[in-house]
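# Secondary and tertiary structure notes
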Amino acid sequence: MIPVWPLLIAAVLSTVPAPDSLHVIAEGSGPTVAFLPGLFGSAYEFRRVAPLFTAAGYRVVIIEPLGVGSSGRPADADYSLAAQSERIAAVLDTLGGGPAILVAHSLGGAMAFRIALHHPDLVAGIVSLEGGPTEEAVTPGFRRAMRLAPLIHLLGGRLVRAKVRSMLVESSGNPSWVTDEAVHGYTDGATRQLGATLRAFKAMSRSREPGPLAPELGKIHCPVRMLVGTAPHDGGVGVAEMTLLERVLPRFAVDTVPGVGHYVQEERPAEVLQAVKRLGLDPGRPQGSETHPGDAHRTGR
């Protein structure tokens, strides 16, 4: 973790972050690639792709949104996607290094779209790993699940890890990567402060967006690629969301990854690096000389 903005990002040496801090990891040098995990993810989920990017000449920055991974979990914070995207944009602006390529998983994709919309100078391109233009931070199903919060608090980390293991397996094409170590990697941040996590999730369930994203998507002009796993799995981008992106984004393309589920970065990490390279923003290529994918198209790999 590195200190870059007082009160928002703090240098936390203990296992408990400051309430309003974002957990940020930065390594390597070159053009910046910023990784954004989803709601139930953490920096851990990019452990396989980060070394590929630093070896390829990129600077890797992993930003865990508020309430995610090892970031703070204040109960009274604004957890809307709009607020989360503004916090991440502030991190990117503070870190500097030119516009970043955003690699975002699941709900992180909804944040990436908002950053590109409201801070186009900070975003060179987007690679979304099964993350669509979601209009709210949590689903009705999530809000119903929060009714079980007292039971979760009573049974503690054991129940959380069991539920997350089941979710990871059901969301994968080949779930062999879902080991005990992986389950702990995805859940340790949440279970370390289970009470704070549940309070943050309740705050998320109450969050409201200041306005819809869909009517504004056409204003995003940076190149966007979507990686989609073809194996039957939970999670992913709905047909309506994909159709919307194909219709309104001027520079959008979809890469399908056979046999893979919702966690492309776990099952086929090299595909993430290749998707970034297909944006045409290689470390050795000058900014502004990227290729233009044109209107939506699909490529199978």
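Just above, that's the structure.
Everything numeric in this text was worked out from a predicted model, so none of it was measured.

On a plain count of helices and strands, the protein chain comes out with eleven helices and eight strands. Here the protein chain holds 301 residues, and 54% of them are scored as buried. Look at the contacts in the protein chain between residues 6 or more apart in sequence, and 77% of them connect residues 24 or more apart.

Within this structure, the stated rule accounts for eight aromatic pairs. Geometrically, the ring pair formed by W177 and Y263 is tilted, given 5.6 Å between the ring centres and 50° between the ring planes. Taken as a pair, W177 in the loop between helix 6 (157–170) and helix 7 (180–192) and Y263 in the loop between strand 7 (252–257) and helix 10 (264–267) lie far apart in primary sequence, 86 residues in all. Assessed through its relative accessible area of 5%, Y263 is described here as buried.

The next subject is unusual backbone geometry. We note that S106 has phi near 55°; this positive angle belongs to a residue other than glycine. Tracing the backbone shows S106 in the loop between strand 4 (100–105) and helix 3 (107–118). Residue E130 is not a glycine yet carries a positive backbone phi of 55°. Here E130 shows up in the loop between strand 5 (123–129) and helix 4 (140–145).

Attention now moves to helix 9 (residues 239–248). Among all positions of helix 9, only M242, L244 and L245 are buried. Down the axis, helix 9 shows its buried residues gathered within 160° of arc, on one side only. Residues of helix 9 that are exposed and angled more than 90 degrees away from the buried face: V239, A240 and R247.

We now examine the nonpolar core. I63, L92, L102, F113, I126 and I220 are the most contacted members of the largest nonpolar core, which has 51 residues in total. Residue contributions to this core peak at eight residues, all from helix 3. Discounting residues that sit within four places of it in the chain, L102 has contacts with A34, L92, A112, I115, V123, G125, I126 and V127. One finds F46, V49, L227 and V272 within the second-largest nonpolar core, a separate group that totals 24 residues.

This next bit is on helix 6. Across its 14 residues, helix 6 extends 20 Å between first and last C-alpha, which sits within 8% of the 20 Å expected from 1.5 Å per residue. Those residues of helix 6 that fall on the buried side of the exposure criterion are G157, L159, V160, V164 and L168. Axial view of helix 6: buried residues confined to an arc of 165°, hence all on one face. Exposed residues lying more than 90 degrees from the buried face of helix 6 are R158 and K163.

This paragraph deals with the environment of Q84. Along the chain, Q84 falls in helix 2 (residues 81–95). Distance from Q84 to A110, taken between C-alpha atoms, is 9.9 Å for residues 26 residues apart in sequence. Only 2.8 Å separates the side chain of Q84 from the backbone oxygen of L66, close enough to count as a polar contact. Within polar-contact distance, the side chain of Q84 engages the side chain of R87 at 3.0 Å.

With that settled, the discussion passes to the pattern of salt bridges. Pairs can form between side chains of opposite charge once their charged atoms are near each other. One pass over the full model with this rule turns up eight salt bridges. Salt-bridge contacts for E266 lead to R48; the nearest nitrogen and oxygen are separated by 3.9 Å. Of this pair, E266 sits in helix 10 while R48 sits in the loop between strand 2 (32–36) and helix 1 (50–55), placing them 218 residues apart in sequence. For E266, a relative accessible area of 1% gives the class buried. A relative accessible area of 36% places R48 in the partly exposed class. One continuous salt-bridge network, built from bridges that share partners, spans R47, R48 and E266.

Glancing now at the side chain of E267. The topology assignment puts E267 in helix 10. One buried charged residue, E267, forms no salt bridge at all, with the nearest opposite charge on R268 at 7.5 Å. Polar side-chain contacts of E267 include one of 2.8 Å to the backbone nitrogen of N174. A polar contact of 3.0 Å, which involves the side chain of E267, links it to the backbone nitrogen of G261. Not counting chain neighbours up to four residues away, the residues in contact with E267 comprise S172, G173, N174, W177, G259, V260 and G261.

Cut-offs and rules
Residues numbered from 1 in each chain as written. Predicted model: local features only at pLDDT ≥ 70, side-chain atom pairs only at ≥ 80, totals over all residues. Heavy atoms only, no water. Helix = DSSP H or I, 4+ residues; strand = E, 2+ residues; numbered from the N terminus. Buried < 20%, exposed > 50% of the residue type's maximum accessible area, 1.4 Å probe, protein only. Contact = heavy atoms within 4.5 Å. Phe/Tyr/Trp six-rings, centres within 6.5 Å; stacked < 30°, edge-to-face > 60°. Arc of directions from axis to C-beta. Core = buried A, V, L, I, M, F, W, Y, C linked by side-chain atoms within 4.5 Å. Expected span 1.5 Å × (residues − 1). Polar contact = N/O pair within 3.5 Å; in protein donor to acceptor, adjacent residues only side chain to side chain. Salt bridge = Lys/Arg side-chain N within 4 Å of Asp/Glu carboxyl O. Lys, Arg positive; Asp, Glu negative; His and termini not counted.

Don't take any of this as a statement about function, it's just geometry.
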